[in-house]
Amino acid sequence: MQVKEISVALAGNPNCGKSSLFNVLTGSHQRVGNFSGVTIEKHEGYADYGSYRIRFVDLPGTYSLTPYSPEEIVTRNFLLEDKPDVVVNVVEAPNLERNLLLTTQLMEMHVDFLVALNMFDELEEKGITVDGKQLQKLLGCHIVPTSAKRKTGIDALLAHIVRVYEKDIEIQKNKLSFRPETEEAVAAIAGMLAWEKSLEGADTRWLAIKLLENDREVYHQVQQYPVWVKVELALQDAIRDAARLFDSDPEILITEDRHAFIRGAMQECVRITESRRSTVTDYIDMVVLNRVLGLPIFLFVVWAIFQLTFTLGSPLMDLLEALFAAFAGVVEPLLPSPMFRSIVIDGLIAGVGGVLVFLPNIVLLFIGLSFLEASGYMARAAFVIDKVMHRFGLHGKSFIPMITGFGCSIPAIMATRTLKSPTDRLATILVIPFMSCGAKLPVYVLLAGAFFPPEVAANVMFAIYLLGVAVALLTARLLKSTVLRSESEPFVMELPPYRWPTLHSVLFQAKLKAMMYVKKAGTLILAAVIVIWAASNFPRSADIDRRTAEETGRIAKSLMTAAERDAALRAVSFRAQSEQLQYSLAGRVGKVIEPVIRPIGFDWRIGIALVTGLAAKEVVVSTMGTIYALADTEESSAELAGILKNDPSFSRATALSLMVFVLLYIPCVASMGVMKKEIGQWKPVLFYSIYVLFLAWTLSFITYRGALLML
Amino acid sequence: MNCRKARQESGSMKMSELQVGDKAEVTAVKAGQAVRRRILDMGLITGTRFKVLRVAPLGDPMEIFFKGMYLSLRKNEAEGISVRKTGEAGDGIAMSGDKQGRCCCGGAR
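(A) Geometry of the pairing of strand 6 (residues 81-87) of chain B. Residues and elements named next belong to chain B. The buried count for strand 6 comes to five of seven residues, which makes it a mostly enclosed element. The pairing of strand 1 (residues 12-14) with strand 6 spans three bridges and is classified as antiparallel. Bridging across to strand 6, Ser-12 finds its partner in Arg-84. Two strands pair when backbone bridges link them, and strand 2 (residues 23-29) and strand 6 are joined in this way by six bridges, in the antiparallel orientation. The partner of Ala-28 across the bridge, within strand 6, is Ser-82.

This is how it looks when you write it as structure tokens:
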């Protein structure tokens, strides 16, 4: 038997239960990717029905098909270009009125669609009756009552999809007509467009309506053709008429006519017998958005997410680290040559391990975030904090990713996907690294601990964190008023009714993010870590190797106690490491940049640490340990602190300057990789690197010179 | 009841000038292109009745309720929407006053 494939797109408003319907329809046959060119997730799946395989694409939730947001553009382009066989318009039965706008826009497009009247089961308890037959006639399409929650109407929906596909339709298509003046303008413009050869086969009525609606995309499309000269005049006429006759403009008139049609349909087909009762959402919001309690609850939620991610995550992270260390321990003796051993242990295992240890944090963070998102609180959080964020040109939703940045920039950057506007999102991504992450803490602990008495050290560290926040907010402000200036992004956002998220969807989202991280970022980050490893190890000096071997031999033969000998051997080996590091490419870069970093109080040794610190910020400490030739390179070791304190080239001013520099300069390669991945291009990332270097240098200079004068 | 008062106050005002609990009707949407598009798409068109539910703890944005939707918008955006006041908190005036006796008063009272 021949299996026929039907491609189906699910379209509908946000929160209409579209995704739950998708899950019920496709079961476990799901796949997630991105829509081409954007980071909007594309969920695909299929269901087998009789001799048909029905392939579903769950389009992003949109209120309308005018290109206002990336979601709407994606949805519209998908319907126009990918031309699915059948479009299923999922509408929320209890809120039919506002869901029907999208339906009226589908009516205009030449697509075969049907309506799934979802959450049908809720109608009765809300005292609403819908005359389905009449509504079918008005909308000109099949209507199938469904409930994703109770899993009812699913078979009927599949059956109707097949019927629409096979053109077994008993309902005549209906056309929504606008007021006569608009219809005249539409007809006139459509007539002109019909003469244009290049537009042959295009839906001229639809194009005309879109032009009157001031639709940017269609404007750009039609502007290329000679017919535009005439069309433009007709459009101007229409605008003048609308102003003269209705004191309005065509765009508003068209939308009003759509809503008038919807209102008419509602009056004909929908009866509401009970008055609206306060819902759970009303009661929860009375508390959660309360003028007094709103802010503390918000802060508590942010705190809880942070705790979940980093406090609960850190033992798991330690466990993974231990596992990798154990693995390295097992592998080490199996590898013959020291060079090969170094590649595997310090390069591969350290590189992959360094990336994978963040996985528990990422999974936990996304469990938390998708819970907030799916439950409906995320929009409330944005509502509560928007005023503060708006002052700096950001969106209320930028707050949670930014706070997450205090733990680690990688999940934070990934969390910006909840932001819809591309400029808001880019601005947020670019300021996240200023939120001082966990890996920078060892640097502060070392330096503040070494140069300041304990009671002051904590304040110094706190000041560094505050500086990071200030730089982040001011940078956002700067970005949004210069390169990222766009027509101020409107904040017009639905606060969806609260819903208890399903375990499946929460875990699914977390799994998705985890996979994305491991697969995409993992490759790039791994490559970068290996490059930095190579730069810190090559070229190697044979001289140093030979000298070390000689000395080791001499010590082995000498008449020392076993303990003395071990200490001497360790000292020799660390001196060798330090010398090799200086000889390596990273070491040379450190020395080359010395003149540049001299004014901010750094010598070549710090220069090397800053270069290797690009792999990960905690590496700054371990490199300094190696380079100051210590027997112990434990992070934040008291010994290193002691050495630095006694080093004449290292002062309080140097320490402060270095803390500022580490806070602000180029983020670690892992963050840069994720940044590139989420932005989609290198250019902003490169400009950003130059900007942060300049900023870090300037602020360190001010700090260093200021500290020299004052301390 | 407050009928007389409501009529007195029926002059046009901006949505951003409404108080929490006020009920009003949209008379015109005059915001900039992108904002207007958004507002129209949400179904907030001339003639739509809504209720001001609350203002965020920090004083901005505000939240309104209409046609079963809880919508938040910045006062900046609300400035572009002209409204006419139709009632106040707890006055029992229906938000959607059509013939079928629908009453969609948003929020708990």
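Don't stop here, the text continues.
(B) Quick look at the interface of chain B and chain A. Taken together, the contact pairs 38 residues of chain B with 39 residues of chain A. Within the residue set of the side of chain B that touches chain A, elements represented by two or more residues are helix 2 (33-41) and strand 5 (69-73) of chain B. In terms of residue count, the dominant contributor to the side of chain B that touches chain A is helix 2 of chain B (seven residues). Residue classes in the side of chain B that touches chain A are distributed as 19 nonpolar, eight polar and eleven charged. Alignment of strand 10 (residues 492-494) of chain A against strand 5 of chain B, held across three bridges, turns out to be antiparallel.

(C) The domain arrangement of chain A, seen in detail. All names here are of chain A. Each domain of chain A was delimited in the assignment, giving domain 1 (4-165), domain 2 (180-272), domain 3 (294-436 + 461-491) and domain 4 (528-710). Between the C-alpha centres of domain 1 and domain 2 the distance comes to 26 Å. Counting residues at the interface gives 18 residues for domain 1, matched by 17 residues for domain 2. Looking at the side of domain 1 that touches domain 2, the elements that each hand over two or more residues are helix 3 (96-108), strand 7 (128-130) and helix 5 (132-139).

(D) View of the pairing of strand 6 (residues 113-118) of chain A. All names here are of chain A. Extensive coverage of strand 6 is indicated by the burial of six of its six residues. Taking every second residue as pointing to the same face, both faces of strand 6 are buried, with Phe-113, Val-115 and Leu-117 on one and Leu-114, Ala-116 and Asn-118 on the other. Alignment of strand 5 (residues 86-92) against strand 6, held across six bridges, turns out to be parallel. Directly across from Val-88, in strand 6, lies its bridge partner Leu-114. Crossover connection from strand 5 via helix 3 to parallel strand 6: handedness right-handed. As paired elements, strand 6 and strand 8 (residues 143-145) share three bridges and run parallel to each other.

(E) Examining the nonpolar core more closely. Counting residues in hydrophobic clusters, the biggest one holds 207 residues, and the most contacted among them are A:Leu10, A:Val88, A:Leu447 and A:Met659. Counting residues per element, this core draws most heavily on helix 31 (residues 652-664) of chain A, at ten residues.

(F) Structural view of the sheet that holds strand 6 of chain B. In space, the seven strands of this open sheet follow the order 10(A)-5(B)-4(B)-3(B)-2(B)-6(B)-1(B), with antiparallel pairing throughout. Both edges of this open sheet fall to strand 10 of chain A together with strand 1 of chain B, since each of them pairs with a single strand only. Strand-to-strand twist across the sheet, computed as the mean angle between neighbouring axes with direction ignored, equals 40°. Pairing of strand 3 (residues 49-55) of chain B with strand 4 (residues 62-66) of chain B, which is carried by four bridges, proceeds in the antiparallel orientation. Within the sheet, the bridge partner assigned to B:Arg54 lies in strand 4 of chain B and is B:Glu63.

Rules behind the numbers
- Residues numbered from 1 in each chain as written.
- Chains lettered and ligands numbered in written order.
- Predicted model: local features only at pLDDT ≥ 70, side-chain atom pairs only at ≥ 80, totals over all residues.
- Buried ≥ 20, exposed ≤ 12 C-beta atoms within 10 Å, placed from the backbone.
- Helix = DSSP H or I, 4+ residues; strand = E, 2+ residues; numbered from the N terminus.
- Pairing = 2+ DSSP bridges.
- Contact = placed C-beta atoms within 7 Å.
- Nonpolar A, V, L, I, M, F, W, Y, C, P; charged D, E, K, R; others polar.
- Domains from an automatic or database assignment.
- Right-handed = clockwise from strand over helix to strand, strands pointing away.
- Core = buried A, V, L, I, M, F, W, Y, C linked by C-beta atoms within 7 Å.
- Axes fitted to C-alpha atoms, helices over the stretch in contact; angles between N-to-C directions.

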